[in-house]
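Fold and contact review
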Amino acid sequence: MPEPFKPAISTLLDTDLYKFTMWQVMLHHNPEATGVTQFICRNAPQIPLSRLVDDVREQLEYLCSLRFTDHDIALLGTRAYIKKDFLEWLGIFRLQMKFLEIAADGDGLRIVARGPLLHITAFEIFVLSIVNELYFRRLATPAVLAEGRRRLAAKIEHLKSFMADPRNQRQHPYEFFDFGTRRRFSREWHDEVIATLAREVPQYFRGTSNVELAFKHGLV
């Protein structure tokens, strides 16, 4: 039996903060602008991306069914730089498949968004997250996740050990942020990494570019 559909994106807040700040500027200053964006894979994949085309289309159709909820808009409204008229516009906005072209391109994958920038700019992070997650679902095994947890724990212990030296605290004060939404193994793994870092090294891990996870874990 086919596996049940599992969305890679389940809320429109699951994207980077700069998408909202850039979006707001477009709405206020250049709402008539049009453009084209295209997916590009920078690495040689182990599995031909053309195999993902039907699943990518299904995920993007689901994405286009999502809306900004009243709760989403209320959360965004807690940021002083997000303006009331932009929030009201988000309340009626919807992503639309008519602006997308999705096709196999040899062994590759062609995803093009063409149209008003106000409509297509939001696709960027979502498309990258979806393609990554669908690709890695085909490689994911319990051993892979166990190795990910082992590496994360080792990096945390390395950081704690390094910063335990008072000289390093003075000479090399260190803070870091997550910008991994577009490159992540999966949404669930991203959430686990953020939660683990926030719990284990809150004095060094200061926040994330992902809006949903920042609100969920009380981060910048």
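Overview of the structure.

So, how was this worked out
Residues numbered from 1 in each chain as written. Predicted model: local features only at pLDDT ≥ 70, side-chain atom pairs only at ≥ 80, totals over all residues. Heavy atoms only, no water. Helix = DSSP H or I, 4+ residues; strand = E, 2+ residues; numbered from the N terminus. Expected span 1.5 Å × (residues − 1). Buried < 20%, exposed > 50% of the residue type's maximum accessible area, 1.4 Å probe, protein only. Contact = heavy atoms within 4.5 Å. Phe/Tyr/Trp six-rings, centres within 6.5 Å; stacked < 30°, edge-to-face > 60°. Axes fitted to C-alpha atoms, helices over the stretch in contact; angles between N-to-C directions. Parallel < 35°, antiparallel > 145°, perpendicular 65-115°, else oblique. Nonpolar A, V, L, I, M, F, W, Y, C, P; charged D, E, K, R; others polar. Pairing = 2+ DSSP bridges.

Moving on to helix 6 (residues 123–137). For helix 6, spanning 15 residues, the distance from its first C-alpha to its last is 21 Å, which sits close to the expected 21 Å at 1.5 Å a residue. Buried residues dominate helix 6, accounting for 12 of its 15 residues. Among all positions of helix 6, only Phe 123, Ile 125, Phe 126, Val 127, Leu 128, Ser 129, Ile 130, Val 131, Asn 132, Glu 133, Leu 134 and Tyr 135 are buried. Tucked into the core, helix 6 has its buried residues touching helix 1 (17–29), helix 2 (53–63), strand 2 (100–105), strand 3 (108–116), helix 5 (117–120) and helix 9 (187–200).

Applying the stated rule across the entire model yields 13 aromatic pairs. Geometrically, the ring pair formed by Phe 176 and Phe 205 is tilted, given 5.3 Å between the ring centres and 45° between the ring planes. Of this pair, Phe 176 sits in strand 4 (residues 176–178) while Phe 205 sits in strand 5 (residues 205–208), and the two are 29 residues apart along the sequence. Within the aromatic cluster, the residues linked to one another by ring pairs are Phe 20, Trp 23, Phe 68, Phe 86, Trp 89 and Phe 93.

In this fold, Arg 51 is placed in the loop between strand 1 (34–38) and helix 2. C-alpha separation for the pair Arg 51 and Ala 104, spaced 53 residues apart in sequence, amounts to 7.8 Å.

Now for the packing of helix 1 against helix 4 (residues 84–92). For the pair helix 1 and helix 4, interaxial distance at closest approach is 10 Å and the crossing angle is 100°. It follows that helix 1 is roughly perpendicular to helix 4 by the angle criterion. Across the interface between the two elements, Phe 20, Trp 23, Gln 24, Leu 27 and His 28 from helix 1 touch Asp 85, Phe 86, Trp 89 and Leu 90 from helix 4. When grouped by side-chain class, the residues that make up the contact of helix 1 with helix 4 number 6 nonpolar, 2 polar and 1 charged.

With that settled, the discussion passes to the sheet that holds strand 3. Taken together, the 3 strands give an open sheet; going across it, the order is 1-3-2, and neighbouring strands pair in antiparallel fashion. In this open sheet, the two strands that pair with only one neighbour each are strand 1 and strand 2. Recorded for the sheet is a direction-independent mean angle of 15° between the axes of neighbouring strands. As judged from the 6 bridges shared by strand 2 and strand 3, these two strands associate in the antiparallel manner. Following the sheet pairing, Glu 101 is matched in strand 3 by Val 112. Strands strand 2 and strand 3 of the sheet are contacted by helix 2, whose axis makes an angle of about 165° with strand 2.

What follows is about the environment of Val 220. Here Val 220 lies in the segment after helix 10 (211–217). Residue Val 220 is classed as exposed on the basis of its relative accessible area, which comes to 69%. In sequence terms Val 220 and Ser 209 are 11 residues apart; their C-alpha atoms lie 8.2 Å from each other. Here Val 220 is in contact with Arg 206, Gly 207, Thr 208 and Ala 214, once residues within four sequence places are set aside.

Shape descriptors only; they carry no functional weight alone.
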